[in-house]
Amino acid sequence: MIALLILWTHALAALLFGALVFRQAQRPAGGWSNAAFVGPLVLTTLWALAVSGIDFRDVSTRIAESARTIAWLGFMFALVRRERTGNRALGAVYGTVVAIAVIGALLAVLELVPMDADAQAQTESARLVFGMMVAISALVLVHHLHQAARASPDAAWHGGRLVVVAVTIMWSVDLLVAVSAYVAPRWMPEIVAVRSVAMIGMALLLLVAVTRRGDWTFAVSRRVATRSLGAIAVISYVGITAVATSVADTYGGDHARLIQTAIICGATAALFGLLATSWLRAWMKVKIAKHLFRHRYDYRAEWQRFTETLGAPGVGAAPLDGRIVKAVADLTDSPGGLLLVPDGLGMSSAAAWNWEMTTVSATRSDRALAERLRLSLRIIELDPVRRGTAPAEEIASVPHWLSACPAAWAIVPLVHGGALVGAIILARPPVDRALDWEDFDLLRVAGRQAASYLAEDRAHAALADAQRFDEFNRRFAFILHDIKNLVSQLTLVARNAERHADNPAFRVDMVATLQDSADRMNALLARLSQTHAAPSEPFQPVDVAALVNRVVGARRAQHPIAAQATGQVLARAQLARLEQVLEHLIQNGIEASDRDAPIVVAVAANGATIAIDVIDQGCGMSPGFVRHQLFRPFASSKPLGFGIGAFEALQLVEAMGGSLGVFSREGEGTRFRISLPAADTMEAAA
């Protein structure tokens with residue numbers, strides 16, 4: 001009964017496919033490629049006749065099945081043949097599957113060679129494994145063909161979708177037949193009968209599909225090529241493992257089961273280890289882009305990922321600086337990056353992504369790098385700098401800490417409106433290579449786009465600061481009004497004192513008024529927080545040690561504080577401004593420290609620089625607060641602080657030609673360091 005069903009259903013399938021051949025041959029030129037479509041129809045007809053008239057187990061039937069499979073793969077490849085982009089990628093993918101199908105046909109012929117029972121079983125198992133590999137690989141290719149059909153807006157793809165369904169049915173039942181023959185051979189006749197019914201359904205779908213007209217051109221993407229080659233590699237890996245276990249079963253003797261277990265465990269661990277290796281994935285992407293495509297980058301996909309990374313704010317999202325570094329680094333598969341921003345005449349680190357900030361030897365890099373980037377706006381490749389083959393200007397501009405870091409790969413300037421707003425140091429990608437013209441073009445455009453985001457963010461921050469200043473000005477106007485009232489009260493008291501000084505009641509009222517005025521003045525002074533500008537004064541040699549001792553002596557009644565300053569240490573500075581800076585920093589230390597925690601102010605001469613350290617053992621500050629908030633106006637770690645002290649101190653020190661650094665750890669304390677130029681010998685003598 002089953003044999004009769006196989007005979008008639010395969011004969012009916014052959015009749016239907018023959019009708020498709022006749023109908024397709026009568027179509028006018030154009031539309032589908034007749035040679036590509038008629039070929040698989042003819043071979044499918046011959047295969048169905050072989051199964052019906054000979055036997056599905058005959059060698060000629062198996063060879064016809066391999067030929068049918070190769071013909072259908074050729075038809076699928078013909079759909080994209082007219083597109084230049086991706087032809088080599090598809091050739092590699094389809095060529096591999098065709099090679100596996102040819103090997104399966106050769107194994108079927110090899111079964112005709114006289115051999116013992118074990119060798120015969122081994123050859124048959126290998127043929128079935130290769131048959132499963134062909135079916136699975138073909139289904140992977142059909143899946144990507146289906147994705148292309150869904151993405152196409154052309155109505156001609158309606159017929160293509162039907163063909164996708166038809167070949168999916170064919171290779172699905174082929175996979176079912178191969179698996180059944182490998183696992184449960186006794187069910188083969190029933191499975192073959194089911195396949196014949198499926199082939200009839202496939203013929204009917206194709207009959208509907210041939211009534212559709214249109215162009216079947218499409219291009220494979222890098223993702224399709226990468227996943228297809230990866231799937232084929234995994235399938236081949238699994239197939240080789242299955243053949244190895246079969247060989248172990250034949251020749252392993254008493255230890256066959258142990259050897260098979262070792263092969264399976266080792267192959268599985270090796271497979272997962274390879275799949276989890278980022279270097280292997282990066283190497284595969286580089287090789288595919290280099291050998292199968294005209295360009296290194298899929299610009300549409302890269303730009304979509306770039307803009308998505310930049311424009312992804314929200315709760316829990318990384319800061320914009322970090323997103324900019326990640327977006328640019330992802331373009332070249334760099335595992336990390338560091339953002340430098342202009343800081344005075346130099347550049348300082350502002351944000352990092354997968355980059356250890358401790359590898360930066362200083363908070364401010366050499367000024368030559370900033371000057372070089374401002375003038376040239378060129379991407380600097382660091383390997384030629386290390387080899388000494390780069391231009392002399394680039395070699396001289398790269399700071400030592402950067403050239404000594406082997407992970408640093410390239411410097412990408414961020415240019416907006418002709419001005420430098422930052423630079424990104426890219427880490428070396430897993431697959432090391434030299435930058436080419438495509439890298440330079442893409443990074444240059446991406447740098448300009450990232451610079452526009454960074455400049456916009458800085459503009460928003462400046463606008464917010466301006467709004468805070470406006471709010472502060474309004475508060476200051478209220479304070480001035482209160483001061484005017486206090487002055488009026490004190491003037492009245494002084495005027496009446498000339499006439500009523502002998503009146504005891506007046507003296508009591510006067511004392512009460514003076515006490516109230518003093519309290520209100522102290523409150524106003526606390527609210528003002530010393531925001532007045534320091535008077536202009538000339539630069540002169542200032543005895544820093546004497547100044548520190550005087551300021552510390554005036555503060556000892558408020559808090560435990562010690563001065564480590566002896567001898568005469570002369571710096572070129574402005575006395576009033578330097579004293580104001582010390583008052584700011586000491587007050588910050590007092591407010592951040594416990595009542596009994598001492599504060600130390602130390603002075604040291606380091607050649608041409610005078611260093612003044614203000615050290616406390618208070619609560620300390622986080623690296624993020626120090627980097628982004630400490631020296632910004634109105635940013636304070638104290639609940640009631642205005643955030644003016646550190647900002648004003650930095651402005652005053654830089655106005656004197658010095659620098660203000662900070663070293664802080666949460667829970668351990670903070671050290672502010674004022675660095676000023678030492679007084680010239682002639683000035684000191686005068």
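Here goes a summary of the coordinates provided. (Residues numbered from 1 in each chain as written. Predicted model: local features only at pLDDT ≥ 70, side-chain atom pairs only at ≥ 80, totals over all residues. Heavy atoms only, no water.)

**Topic: the packing of helix 20 (residues 575-592) against helix 22 (residues 645-655)**
Working step 1: The contact between helix 20 and helix 22 brings their axes to 9 Å, and the two run at 150°. Considering the angle they form, helix 20 stands roughly antiparallel to helix 22. Taken as a pair, helix 20 and helix 22 cross one another with a handedness that is left-handed. Between helix 20, through R577, Q580, V581, H584, L585 and N588, and helix 22, the contact on the second element is made entirely by G645, A646, E648, A649, L652, V653 and A655. (Axes fitted to C-alpha atoms, helices over the stretch in contact; angles between N-to-C directions. Helix = DSSP H or I, 4+ residues; strand = E, 2+ residues; numbered from the N terminus. Parallel < 35°, antiparallel > 145°, perpendicular 65-115°, else oblique. Left-handed = near helix turned anticlockwise from the far one by under 90°. Contact = heavy atoms within 4.5 Å.)

**Things to note about the side chain of S675**
Working step 1: Residue position: S675 is located in strand 12 (residues 669-677).
Working step 2: Apart from the residues within four sequence positions on either side, S675 is in contact with T609, I610, G658 and S659.

**What to know about the nonpolar core**
It is characteristic of soluble globular proteins that their nonpolar side chains tend to be buried jointly.
Working step 1: Ranked by size, the top nonpolar core spans 56 residues in total, and within it F17, L41, W72, W171, M202 and L206 carry the most contacts.
Working step 2: The leading source of residues in this core is helix 5 (residues 117-151), at eleven residues.
Working step 3: Not counting the four nearest positions on each side in its chain, W171 is found in contact with T69, W72, L73, M76, A135, A138, L139 and V142.
Working step 4: Counting residues in each nonpolar core, the second largest holds 39 residues, with I612, F625, A649 and I674 among its members. (Core = buried A, V, L, I, M, F, W, Y, C linked by side-chain atoms within 4.5 Å. Buried < 20%, exposed > 50% of the residue type's maximum accessible area, 1.4 Å probe, protein only.)

**Things to note about the environment of M132**
Working step 1: With respect to the helices, strands and loops of the structure, M132 is situated in helix 5.
Working step 2: Overall, M132 belongs to the buried group, its relative accessible area being 17%.
Working step 3: Between the alpha carbons of M132 and D174 there is a distance of 7.9 Å; along the sequence they are 42 residues apart.

**Some points on the pairing of strand 12**
Every other side chain in a regular strand lies on the same face of the sheet, so the side chains alternate between the two faces.
Working step 1: Of the pairings in the sheet, the one linking strand 10 (residues 609-616) to strand 12 comprises eight bridges and is antiparallel in character. Among the inter-strand pairings, V614 is bridged to a residue of strand 12, identified as F672.
Working step 2: As paired elements, strand 11 (residues 659-665) and strand 12 share seven bridges and run antiparallel to each other. Counterpart to G661 in the pairing with strand 12 is R673.
Working step 3: In this structure, the hairpin formed by strand 11 and strand 12 is closed by a connection of three residues, where G667 is found at a positive phi of approximately 85°. (Pairing = 2+ DSSP bridges.)

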